[in-house]
Amino acid sequence: MSVRSSLASSVVDFGGTGRPIVLLHGLMGRATTWWPVSRWLTAYGHVVGLDARGHGRARRPGSWTTEEFADDVAELVRDLGEGPAVLIGHSMGGLHAWVAAARNPELVAGVVVEDMAVDRRGDTVDPWRAYFESWPVPFRSLAQVSEFFGGLGDYFVECVEERDDGYHLMANLDDLYAIATEWGERDYWSYLEAVRCPMLVIEAGHTDTPAGQQAEMARRARHGRHLVVADAGHVVHHDQPEVYRGAVEAFLSALP
């Protein structure tokens, strides 16, 4: 795998051969959170994960516009040189996936969006601040991280790093607030409507996105499909892994 120097340290190669499949994580996450999904995805292609700027090992400074994140995704696909990729994104990663597909249609063969809204204008990061700042940071052990986050403990264990005083999130909270603030100031309908390839929109049954919006996303996409996964929270691929797997495998199998 050949990746340009500025992205090389941000890429996790999960293995497999054939069509490139790029996994894009959500806010606060990192590429390695996709490990359980990557195990079955390698039957469908060459699976890689990307740490978004400001996350994981991608501590690149700079601005945080959605277009810049999407351009990083496009650059990775170009560097792989394996043909058009399938982009699979959770939350923030889903946004980056469809924006990358809209801006670079020749690079993308399909898009999977997991529980992300296209229009959250008016939302602020204030509720997020209160939640993040309630965490008992630094955590004293990975066991405490797992215990604190309960059902998502194994997910968040991937998102922390050990420092001299304990375990901290592998991201700067001020950077995360800046990223999410943009989502409350604009919508992304024009990008969504410009996506030419097939798109699967997977909505959590307990989503906090505006009612009906993800179904509308699938309707307004040129080749969109929509699935609501009952009894799933925001991280659908974690809460209902078999349902998620079935939907994604069916989508991949139907691609040209």
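Definitions and cut-offs
Residues numbered from 1 in each chain as written. Predicted model: local features only at pLDDT ≥ 70, side-chain atom pairs only at ≥ 80, totals over all residues. Heavy atoms only, no water. Pairing = 2+ DSSP bridges. Helix = DSSP H or I, 4+ residues; strand = E, 2+ residues; numbered from the N terminus. Axes fitted to C-alpha atoms, helices over the stretch in contact; angles between N-to-C directions. Core = buried A, V, L, I, M, F, W, Y, C linked by side-chain atoms within 4.5 Å. Buried < 20%, exposed > 50% of the residue type's maximum accessible area, 1.4 Å probe, protein only. Contact = heavy atoms within 4.5 Å. Salt bridge = Lys/Arg side-chain N within 4 Å of Asp/Glu carboxyl O.

Novice: With reference to specific residues and values, describe the sheet that holds strand E4 (residues 85-90).
Specialist: One open sheet holds the seven strands; their spatial order is E1-E3-E2-E4-E5-E8-E9, and the pairing between them is mixed. Both edges of this open sheet fall to strand E1 (11-15) and strand E9 (224-229), since each of them pairs with a single strand only. Each neighbouring strand pair of the sheet contributes to a mean axis angle of 20°, computed without reference to strand direction. In the sheet, E4 pairs with strand E5 (residues 108-114) via six bridges, with the strands oriented parallel. Bridged to Gly89 within E5 is Val113.

Novice: So what's going on with the nonpolar core? Residues and values would help.
Specialist: In terms of nonpolar packing, the biggest core is built from 64 residues, with Val22, Leu76, Leu87, Trp98, Val111, Trp183 and Met199 touching the most fellow members. The leading source of residues in this core is helix H4 (residues 92-103), at eight residues. The residues contacting Met199, other than those within four sequence positions of it, are Trp98, Val111, Val113, Leu192, Ala221, His223, Gly224, Arg225 and Phe251. Counting residues in hydrophobic clusters, the runner-up holds 25 residues, among them Trp34, Val37, Leu200 and Tyr244.

Novice: Can you tell me about the pattern of salt bridges, naming the residues and giving the values?
Specialist: Within this structure, the stated rule accounts for 15 salt bridges. The residue Arg78 makes a salt bridge to Glu75 at a minimum N-O spacing of 3.8 Å. Here Glu75 and Arg78 lie together in helix H3 (residues 66-80), a separation of three residues that amounts to about one turn. In the salt-bridge network here, residues are joined through shared partners; they are Glu193, Glu216, Arg219 and Arg220.

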